[in-house]
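Below, each chain spelled out in residue letters.
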Amino acid sequence: MTAPQRPSFPARIDLHSGKPTGKTVTPAPTPKTRAVPATAAGVNGLNPLKKTNTASAVALAPMASSLAPRGFGMDSAAMRARLAQHLANTGISSKAVLQAIGTVERHRFVDTALVNQAYEDTSLPIGLGQTISKPNVVARMIELLLQSELASRGPLTRVLEIGTGCGYQAAVLAELVREVYSIERLRGLHEKARANLRPFKLANVHLLLGDGMLGYPKGGPYAGIISAAGGEAVPQAWLEQLAVGGRLVAPTVTHGGQQALVVIDRSAQGLHQQVLEAVHFVPLKSGIA
Ligand code: SAH
């Protein structure tokens, strides 16, 4: 079978024609050769496919009483380490996830006026009425994704994210899985995410403008699907695009009328759903705007 041609970042894909738009797209290097330049964005060149000594992977600096930054530059690494430590203290146990949170510069994804809060465990406005998710929630959802059956066999191959927003979670995912397909329905945020992610030069992140309720069948089937927006129900398209052994993690309105994290695993026998803790995400909406 011929592998479908996949555009590399920063591809823009018109979901209606299904074709990449814009300028020449360089083929993505294999994740093995993917390097995040330490100079361009100050991000360590972590490679999810290399086994690191996870026990010492996260620099667990003592948690300051406040996460308020003393400035940005070399010490933003210390801010991230403190954030990772805070997440570890609040129950995130995946060393890989903590390491990714400790690596991705969140201050590059928020407006200048909010930069001082970038390493607090809080959601922040990113424009157009949307928010960058709280780090604890990003970490929790990705940790759940990495507990799937497929994840137990090695790094996840393809992951679909619904709701790119400013691109932060996509950057965190890019540290942990081979290919990230991230869809955003708001053109303004899609563009913002492209601009935010550009310096990171993540060849394994594919940004798409479209209605994520329809998924993105061309990139599937997905070993993981993660939604940053909550709907009344899990769209059928997501279930259809989930690989056997794959896991979907999404905020969804449950029987009580409240939004909760829903985890759905696909096995050869069918789908298995778990409803976890209550959460509060922006609404999943259809169409693009
Ligand atoms: N992952 C983001 C969080 C963004 S908030 C981050 O790291 O910052 C959730 C996003 O979901 C919003 O930007 C919203 O516009 C988007 N969204 C809502 N419904 C959508 C849909 N049907 N398809 C794609 N994106 C959607």
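Computed from a predicted model, the values in this text were never measured in an experiment.

Novice: I'm lost on the pattern of salt bridges in this one. Help?
Specialist: A side chain with one charge can pair with a side chain of the opposite charge if their charged atoms come near. Taken as a whole, this structure holds five salt bridges when the rule is applied. The salt bridge partner of E277 is R140, with a shortest N-O separation of 2.7 Å. Of the two residues, E277 sits in strand β11 (residues 270-278) while R140 sits in helix α4 (residues 135-145), which places them 137 residues apart along the sequence. Between E149 and R153 there is a salt bridge whose closest N-O contact spans 2.5 Å. When its relative accessible area of 41% is taken as the criterion, E149 is described as partly exposed. For R153, a relative accessible area of 60% corresponds to the exposed category.

Novice: Please clarify how the site of the ligand should be interpreted in this entry.
Specialist: Taken together, 27 residues lie around the ligand, and G163, E184, D211, G212 and K285 are the ones closest in. The contact in question runs from a nitrogen atom of the ligand to an N or O atom on the backbone of G163, over 3.0 Å. For the shell around the ligand, the secondary structure elements donating two or more residues are β4 (130-132), β5 (158-162), α5 (168-174) and β6 (179-184).

Novice: Whenever I open this one, the packing of aromatic side chains confuses me. Can you help?
Specialist: Counted according to the given criterion, the structure contains four aromatic pairs. Geometrically, the ring pair formed by F109 and Y168 is edge-to-face, given 5.7 Å between the ring centres and 70° between the ring planes. Pair noted here: F109 is in the loop between α3 (95-103) and β3 (124-127) and Y168 is in helix α5, with a separation of 59 residues, a long-range link. The burial state of F109 is the same as that of Y168; both residues are buried. Judged by centre distance (6.0 Å) and plane angle (65°), the rings of Y181 and Y222 are edge-to-face. In this pair, Y181 is assigned in strand β6 and Y222 in strand β8 (residues 222-227), connecting sequence segments 41 residues apart. The exposure class of Y181 is buried, given its relative accessible area of 1%. A connected cluster of aromatic rings, assembled from ring pairs, spans F109, Y168 and F200.

Novice: I'm lost on the environment of E105 in this one. Help?
Specialist: Along the chain, the position of E105 falls in the loop between α3 and β3. Separated by 29 residues in the primary sequence, E105 and S76 have C-alpha atoms spaced 7.7 Å apart. One polar contact links E105 to R108, side chain to side chain, over a distance of 2.4 Å.

Novice: What's the story with unusual backbone geometry in this structure? I'm lost.
Specialist: In most cases, non-glycine residues show a negative phi, while peptide bonds are predominantly trans. A cis amide bond links G220 with the next residue in sequence, P221, at an omega value of 0°. Mapped onto the elements, P221 comes out in the loop between β7 (205-209) and β8. The residue L128 is not glycine, and still its phi comes out positive at about 55°. The topology assignment puts L128 in the loop between β3 and β4.

Novice: Would you take a moment to explain the pairing of β6 for this structure?
Specialist: Walk down a regular strand and you will see the side chains alternate between the two sheet faces. The buried fraction of β6 is high, at six of six residues. Alternating residues of β6 divide into E179, Y181 and I183 and V180, S182 and E184, and every residue in both groups is buried. Across five bridges, the pairing between β5 and β6 is parallel. Along β6, the bridge assignment pairs R158 with E179. The parallel pair β5 and β6 is bridged by α5, and the resulting crossover is right-handed. A crossover links β6 with its parallel partner β7, the connecting element being helix α6 (residues 187-197), and its sense is right-handed.

Rules and cut-offs
- Residues numbered from 1 in each chain as written.
- Predicted model: local features only at pLDDT ≥ 70, side-chain atom pairs only at ≥ 80, totals over all residues.
- Heavy atoms only, no water.
- Salt bridge = Lys/Arg side-chain N within 4 Å of Asp/Glu carboxyl O.
- Helix = DSSP H or I, 4+ residues; strand = E, 2+ residues; numbered from the N terminus.
- Buried < 20%, exposed > 50% of the residue type's maximum accessible area, 1.4 Å probe, protein only.
- Near = heavy atom within 4 Å.
- Polar contact = N/O pair within 3.5 Å; in protein donor to acceptor, adjacent residues only side chain to side chain.
- Phe/Tyr/Trp six-rings, centres within 6.5 Å; stacked < 30°, edge-to-face > 60°.
- Pairing = 2+ DSSP bridges.
- Right-handed = clockwise from strand over helix to strand, strands pointing away.

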